[in-house]
Amino acid sequence: MSAIEVRSVTVRAGEKTLVDDVGFDAPSGEFTALVGPNGAGKSTLLRAIAGIEHAASGIVLQDGADLLALPRRARARKLALVEQDAATELPLTGSDVVRLGRSPHESIIGGGDPDAEGIVADALERTGATAFADRDITTLSGGERQRVLIARALAQQPQVLLLDEPTNHLDLAAQLDVVTLIENVTAAGVTVIAAIHDLSIAAAHADAVVVLAEGRVAASGPTEPTLTPELIGDVFGVSAQWTRNPLTGRPLLAVASR
Amino acid sequence: MIARRWIVTGVLVLALVLSILAAVTIGSAQIPLGDVVASILGHLGAPVATPDPLRDAIVWELRLPRVITAALVGAGLAISGAIMQSIIRNQLADPYLLGLSSGASLGAVSVLLLGVAFVLPVAAFAGAVLALIATLALARAGGPVTPSRTVLAGVAVSSLAGALTSFVIFWTAQGDSYRDVLSWLLGSLAGARWPAVTIAGIALLVVGVPLLFSGRLLDGFAFGDTSAAGLGINVQSTRWMLLTATALLTGAMVSVSGAIGFIGLVVPHAVRLVVGPGNRILLPLAALAGGIFLVWADTLARTAFDPRELPVGIITALVGAPVFAALLLRRRRVA
Amino acid sequence: MASRLAPLALVPLLLLAGCAAAPAPAASEIPTTGGGPVTVTNCGVEVTFDDAPERVVAIKSTSIELLLALGLGDRIVGTAFADGPVPEQWADAAADLHEVSAFMPNEESVLELEPDLVYSGWESAFAADAAGERDELSALGIQSYVQPAACRSTGPLPKLTFDEIFTEIRELAAIFRIDPEPLVEAQTAQLDAIEPDTRGLTALWYSSGTDIPYVGAGTGAPELVLETAGLTNIAADIDETWTSLGWEAIVAADPDVIVLVDADWNTAADKIALLESNPATASLSAVQNQRYITIPFPAGEAGVRSVDAAAAIAAAVAEFDLP
């Protein structure tokens with residue numbers, strides 16, 4: 001597995017520039033969090049990296065090869081995106097949903113994927129979603145559905161997993177579950193880049209951060225050294241101080257209004 | 001799950017074949033089974049004694065092409081409906097959403113009332129295609145093509161075509177020519193002879209069968225455009241291609257039989273209830289089920305009030321509308 | 001003023017064989033007043049005529065032609081929805097008639113003519129989007145009259161007979177204070193002279209329709225005309241005036257004779273082309289032997305030309321070489 005190097009990505013919508021000349025490195029097999037205030041361009045950047053949003057300029061290198069230059073299906077075999085608030089009305093079962101992730105590996109008309117069953121079962125197991133294999137996805141809770149969607153992404157057998165606000169709308173326990181899941185995924189060697197709204201989660205669990213403000217990179221690098229109180233004050237407009245979580249021993253970012 | 005799929009497929013194929021054979025033996029004229037078989041075998045080249053010319057004509061020139069056309073049109077409309085529902089991401093979509101049936105009606109009614117009925121299928125098809133072009137052009141104008149824009153554009157084009165159709169009828173319909181028009185607008189297989197079989201058959205073979213293999217692409221849209229793009233699907237061109245193919249298939253069917261309603265809407269639903277929403281299984285099964293349904297609906301249309309005939313669109317509406325309402329109620333309870 | 005009742009002749013189109021030519025008695029003088037108010041119950045509405053109408057809007061050929069037959073042509077101030085040209089002997093009288101519309105007229109164009117009677121061969125003319133509702137017209141002093149054989153709203157009509165047609169002629173004549181008997185006697189004489197066919201032949205009365213034919217059924221003018229000519233209608237047991245009938249039933253019945261209704265919008269030639277091009281109907285004995293009889297559309301509805309139609313059909317059938 002290799003690191004991902006994002007270089008000079010710019011996304012425009014009409015007159016507005018949503019992502020402005022963004023570049024950063026996502027270390028291989030690590031959890032990189034994209035953080036920033038609302039409207040900073042985190043979602044847009046992720047979608048541009050996935051090749052879903054049209055980038056006016058920029059490249060996404062993996063092993064020296066530009067992923068954006070690949071044909072769609074080839075790119076979908078290397079990169080998987082779990083979009084924000086993904087939802088469907090169809091009464092698909094958990095395995096149906098995960099099987100969708102095999103689509104880039106199948107032939108044009110479907111089929112030609114002999115190991116599908118095994119890969120699907122494996123993805124469900126890795127995300128702890130085996131119990132939902134035969135359940136209707138529209139009946140699952142937010143956290144349960146998120147597991148299934150991440151399993152779908154894993155079924156694509158990607159080297160890079162992009163997550164857009166994976167902890168949104170989830171209650172506390174589910175949020176922590178997702179974070180644990182991300183850590184398991186990176187432990188298996190997949191590079192994870194996730195847009196995280198909640199700074200404390202990013203601070204506690206991410207290996208590296210990219211701080212976006214108004215479409216530009218304000219700072220990027222390993223988490224604790226990059227998220228200095230000064231930077232946080234500038235970008236987020238709050239006071240901050242690093243400490244330790246007494247329950248877990250992990251770094252904890254304490255915040256207060258100015 | 002897989003075994004169930006094959007069992008259901010086998011049952012439906014058998015049911016379709018049996019339905020066609022049974023329907024050919026049913027009709028206003030009481031023709032003995034032996035004569036029916038002899039007529040068909042005779043035309044296929046077997047050395048059998050053919051029944052008298054009129055009975056032979058009834059079986060071979062009236063009933064058989066009509067029943068086969070019913071199967072083909074039912075299959076085509078069901079495929080179109082299933083695809084529309086997936087592309088538009090709305091289970092209440094039907095193949096006529098893009099103004100297709102209104103455009104075809106305008107073309108058909110115009111030539112019916114001008115008295116040049118022999119070009120009817122051509123005019124109807126041309127009308128459908130023009131309506132589709134208008135809808136897609138309208139949907140594109142001023143923004144990216146999204147499902148809801150396309151549907152709204154289709155509504156606009158349908159309304160316009162419908163108004164023009166009404167105008168044409170009102171302006172030129174004399175005497176009882178409105179009956180022909182009404183029969184076409186409601187959908188009828190009464191005029192289906194061997195040329196209709198050819199048109200519907202070619203459309204189903206050339207457009208419909210390839211569409212049966214679009215299940216993987218359609219399934220990719222389950223979570224929306226972003227999801228589909230993330231799975232490596234070219235969203236815009238896939239959507240255009242599928243919509244255009246569906247329109248061609250629907251246009252061909254409508255040109256042969258008028259705008260028969262409720263098949264594209266209800267048959268995919270009914271099949272989904274049995275085998276789930278996955279399009280790979282749904283498309284072929286819906287095609288089979290649609291064919292069976294229309295064969296029987298048409299048989300009913302031509303025999304229920306023997307010797308009078310109803311346009312088959314009335315039967316499909318009478319059966320389809322309550323089924324549709326039941327499905328709607330069911331959804332509400334589940335949601 | 002006298003109008004001549006020339007022999008009624010159907011416009012010859014295809015295989016029309018001979019017309020019955022009855023000598024025409026002169027009409028009597030036409031009074032415009034006298035005799036007190038005449039009240040009729042017409043299609044569920046009681047209509048009172050204090051005097052004979054002097055300005056009539058006639059809708060549909062059957063109405064126009066009955067007025068011409070009764071010599072009332074000069075009282076027609078406007079016509080609408082004519083189904084075909086009037087027969088030759090009235091062509092001169094008809095030439096001067098003012099056509100309001102080739103289709104249903106709207107109320108304003110009717111009112112503009114200041115009629116005192118609107119006489120229609122179809123009940124649907126008296127709707128708000130056509131000539132106007134009957135009570136609205138009556139409030140404006142305009143009487144309305146629907147041809148009784150076309151009245152649907154008061155329930156199903158009994159099977160049509162010539163007595164019924166003659167009663168209608170008499171009722172209209174009474175409204176106009178004229179003597180109907182010359183016309184009725186001429187029609188009766190012509191009727192009595194018809195020799196119905198005795199060979200037990202069957203017939204199809206094909207009015208219109210391509211996919212699903214619209215044919216004369218058991219209770220209307222087509223049935224009456226066919227019966228009078230001695231033919232058995234294949235749709236005789238259907239309790240309707242006209243009905244839609246499947247091709248299969250027609251092919252199965254294999255009628256000996258096909259009566260084709262000829263109209264501008266659906267000519268007899270069109271129908272013959274359809275019958276011959278469809279492989280199923282091409283094998284009908286009537287098609288193979290070209291046993292067609294053409295009737296102009298107006299003559300196919302109940303009215304003054306019904307006797308003529310029956311006579312023409314009887315004469316044509318007599319020419320057919322059948323056992």
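Note that the structure is a prediction, hence the values are computed from the model and not measured.

Brief notes about the overall build of chain C
- Scanning chain C for helices and strands turns up twelve helices and 13 strands.
- The buried share of chain C, taken over its 323 residues, is 52%.
- Across chain C, every contact between residues at least 6 apart in sequence was considered, and the portion connecting residues at least 24 apart equals 67%.

Focus on the overall build of chain B
- When helices and strands are counted, chain B shows 14 helices and zero strands.
- Ordered by position from the N terminus, the helices and strands of chain B form the series α-α-α-α-α-α-α-α-α-α-α-α-α-α.
- Against the globule reference of 20 Å for 335 residues, chain B gives a C-alpha radius of gyration of 20 Å, in line with a compact fold.
- Principal-axis analysis of the C-alpha atoms gives chain B an extent of 65 × 55 × 40 Å.
- In chain B, which comprises 335 residues, the proportion classed as buried is 55%.
- Sequence separation of at least 24 residues holds for 75% of the intrachain contacts in chain B that already meet a minimum separation of 6.

Focus on the interface of chain C and chain B
- Between chain C and chain B, the contact holds 28 residues from the first and 26 residues from the second.
- When residues of the side of chain C that touches chain B are traced back to their parent elements, those giving at least two are strand S8 (202-208), strand S11 (242-244), helix H8 (247-253) and helix H10 (279-282) of chain C.
- Ranked by residue count, the leading element in the side of chain C that touches chain B is H8(C), at five residues.
- Partitioning the side of chain C that touches chain B into residue classes produces twelve nonpolar, ten polar and six charged.

A word on the interface of chain A and chain B
- The interface of chain A with chain B comprises 22 residues on the first partner and 17 residues on the second.
- Of all the secondary-structure elements, those providing two or more residues to the side of chain A that touches chain B are helix H2 (72-76), strand S6 (79-82) and helix H3 (94-100) of chain A.
- When residues of the side of chain A that touches chain B are assigned to their parent elements, the largest contribution, four residues, is made by H2(A).
- In terms of residue class, the side of chain A that touches chain B is built from 13 nonpolar, three polar and six charged.

Re the nonpolar core
- Ranked by internal contacts, the top residues of the largest apolar core, which has 282 residues, are A:Leu34, A:Leu162, B:Ile79, B:Ala286, C:Val259 and C:Ile313.
- In contact with B:Ile79, other than residues within four places in its own chain, are B:Gly208, B:Leu211, B:Leu212, B:Leu249, B:Leu283, B:Ala286 and B:Ala287.

Structural notes on the sheet that holds strand S5 (residues 65-66) of chain A
All names here are of chain A.
- Pairing within the open sheet is antiparallel, and its four strands lie in the order S2-S1-S4-S5. Whereas interior strands pair on both sides, the edge strands pair on one side only; in this sheet they are strand S2 (16-26) and S5.
- Pairing between strand S1 (residues 4-13) and S2: seven bridges, direction antiparallel. Within S2, the position partnered with Val6 by the bridge is Phe24.

Quick word on unusual backbone geometry
Residue and element names in this part refer to chain A.
- You will see that Asp85, though not glycine, has its phi angle at about 50°, which is positive.
- By the element assignment, Asp85 lies in the loop between S6 and H3.
- Taking the number of C-beta atoms within 10 Å as the measure of exposure, Asp85 has 12 and is therefore exposed.
- Located in the positive-phi region is Glu214, a residue other than glycine, with phi close to 50°.
- Relative to the assigned elements, Glu214 resides in the loop between strand S9 (208-213) and strand S10 (216-222).
- Residue class for Glu214 comes out partly exposed when judged on the 15 C-beta atoms lying within 10 Å of it.

A few points about the sheet that holds strand S3 (residues 31-35) of chain A
All names here are of chain A.
- Taking strand neighbours across the sheet as the criterion, the six strands line up as S6-S7-S8-S3-S9-S10 in an open arrangement whose pairing is mixed. Lying at the two open borders of the sheet, with one neighbouring strand each, are S6 and S10. Within the sheet, the average angular offset between the axes of one strand and its neighbour, ignoring direction, is 15°.
- Bridge count between S3 and S9: four bridges; the pairing is parallel. Residue pairing for S9: Ala33 is matched across the bridge by Val209.

Thoughts on the arrangement of the chains
- In this assembly, two pairs of chains are in contact, and the pair contributing the most contacts is chains B and C.
- Taking C-alpha atoms as the reference, chain A and chain C come no closer than 40 Å and do not contact one another.

Some remarks on the domain arrangement of chain C
Residues and elements named next belong to chain C.
- In terms of domain boundaries, chain C breaks down into domain 1 (38-178) and domain 2 (196-319).
- Taken over C-alpha atoms, the centre of domain 1 sits 28 Å from the centre of domain 2.
- With 15 residues of domain 1 at the contact, the number on the domain 2 side is 15 residues.
- With five residues, helix H1 (residues 61-69) is the largest single contributor of residues to the side of domain 1 that touches domain 2.
- Of the residues that constitute the side of domain 1 that touches domain 2, the class distribution is seven nonpolar, five polar and three charged.

Rules of the game
Residues numbered from 1 in each chain as written. Chains lettered and ligands numbered in written order. Predicted model: local features only at pLDDT ≥ 70, side-chain atom pairs only at ≥ 80, totals over all residues. Helix = DSSP H or I, 4+ residues; strand = E, 2+ residues; numbered from the N terminus. Buried ≥ 20, exposed ≤ 12 C-beta atoms within 10 Å, placed from the backbone. Contact = placed C-beta atoms within 7 Å. Rg over C-alpha atoms; globule rule 2.2 N^0.38 Å. Nonpolar A, V, L, I, M, F, W, Y, C, P; charged D, E, K, R; others polar. Core = buried A, V, L, I, M, F, W, Y, C linked by C-beta atoms within 7 Å. Pairing = 2+ DSSP bridges. Axes fitted to C-alpha atoms, helices over the stretch in contact; angles between N-to-C directions. Domains from an automatic or database assignment.

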